[in-house]
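# Results of the structural survey
Read off the chains here:
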Amino acid sequence: MSDLVVIVYPTEARAEEMRQKLFGLQKEYLIEIGDAAIAVMQEGGKVKLNQLLNTTAMGAASGSFWGLLIGAIFLMPLAGAALGAASGALGGALTDYGINDAFMKDLASSLQPGNAALFVLVQRVTGDKVLEAIKGTGGTVLKTSLDHSREQALRDALAGVSAAAPAAGASTPVG
C-alpha cells in the first residue's frame, strides 16, 4: 500500500530540488517512490503540472515509430508516421499514470500564485533515515495519508525540529 504526501514550497525550483533529493534517497534504497509530480499555481490562476512522464510525447514517439514501420510496408512511410504520431499523442494524452491529474490540479488550486506543491506517492520508506536526510529543508505539509504520529514526525523534520522518532519506524512498508 502506498502513502501520498503533498508538501508546499515557495517556488517550483525549491520543489524540484526536493524531488531530486528524494530521487537521490531512492538510489540509496531508503525510499521507494511510485510517482513524484509538481503542481505550480501560475499568476493567472492556472495550475501547471510538472510530471515525471510526459505520456503525450511518449505516445507520439511510439506512434511515429509504429506508423513509420507500417507505412513502410504499404510504401507510405511519411503518411504512416504522421498518422501514428497523431494517434499515439491522442492515446498518450488520455492516459493518466501515477497520481490522478484532476486530484493534483484541484488540491493545487488553493495555492498562492508562484507556490508549488510536491506530490509524492511513497511505496516504501526507511523512516528515520529519510526524516534525518530532509531535516530542516522547509516546506509545509498540505496533505498526507500518513497516520498522525508519522505526519507529525514529517512536519517536525521539515521544520528542523529534533523529535523522538518512534513514529517513523525502521524499515517498514508504508501503509
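Residues numbered from 1 in each chain as written. Predicted model: local features only at pLDDT ≥ 70, side-chain atom pairs only at ≥ 80, totals over all residues. Heavy atoms only, no water.

### Looking at the overall build of the protein
Helix and strand content of the protein: six helices and six strands. Starting at the N terminus, the α and β elements of the protein follow one another as β-α-β-β-α-α-α-β-α-β-α-β. The proportion of buried residues among the 175 residues of the protein is 39%. Considering only intrachain contacts with a sequence separation of at least 6, the fraction spanning at least 24 residues in the protein is 73%. When the accessible area of the protein is evaluated, it comes to approximately 9,600 Å², of which 61% is carbon and sulfur surface. (Helix = DSSP H or I, 4+ residues; strand = E, 2+ residues; numbered from the N terminus. Buried < 20%, exposed > 50% of the residue type's maximum accessible area, 1.4 Å probe, protein only. Contact = heavy atoms within 4.5 Å. Areas by Shrake-Rupley, 256 points an atom, 1.4 Å probe, with all protein chains shown as cover.)

### Details of the pattern of salt bridges
Using the criterion set out here, one finds six salt bridges in the structure. The closest approach of N and O atoms between R19 and E16, which form a salt bridge, is 2.6 Å. Highlighted residues: R19 and E16, both in helix 1 (residues 12-27), separated by three residues, approximately one helical turn. The class of R19 is buried, set by a relative accessible area of 4%. Take E16: its relative accessible area is 22%, and that puts it in the partly exposed class. Notably, a salt bridge pairs E151 with R155, separated by 2.5 Å at the nearest N-O pair. (Salt bridge = Lys/Arg side-chain N within 4 Å of Asp/Glu carboxyl O.)

### So, the side chain of D3
As for its placement among the helices and strands, D3 is situated in strand 1 (residues 3-9). One polar contact links D3 to R150, side chain to side chain, over a distance of 2.8 Å. (Polar contact = N/O pair within 3.5 Å; in protein donor to acceptor, adjacent residues only side chain to side chain.)

### So, the packing of aromatic side chains
Applying the stated rule across the entire model yields one aromatic pair. Between F103 and F119 the ring centres are 6.3 Å apart and the planes differ by 80°, which places this aromatic pair in the edge-to-face class. A residue pair is termed long-range when its members are at least 10 positions apart, and F103 in helix 4 (residues 101-108) and F119 in strand 4 (residues 116-125) qualify at 16 residues. (Phe/Tyr/Trp six-rings, centres within 6.5 Å; stacked < 30°, edge-to-face > 60°.)

### Some words on the nonpolar core
Counting 28 residues, the largest nonpolar core has L22, I31, L118, I134 and L154 as the members making the most contacts within it. Elements that contribute at least two residues to this core include exactly strand 1, helix 1, strand 2 (31-41), strand 4, helix 5 (127-133) and helix 6 (148-159). Once residues lying within four places of it in the same chain are set aside, the contact partners of I31 are L22, L25, Q26, V122, R124, V125 and V130. Listed in part, the 14 residues of the second largest apolar core include A37, M104, L107 and A117. (Core = buried A, V, L, I, M, F, W, Y, C linked by side-chain atoms within 4.5 Å.)

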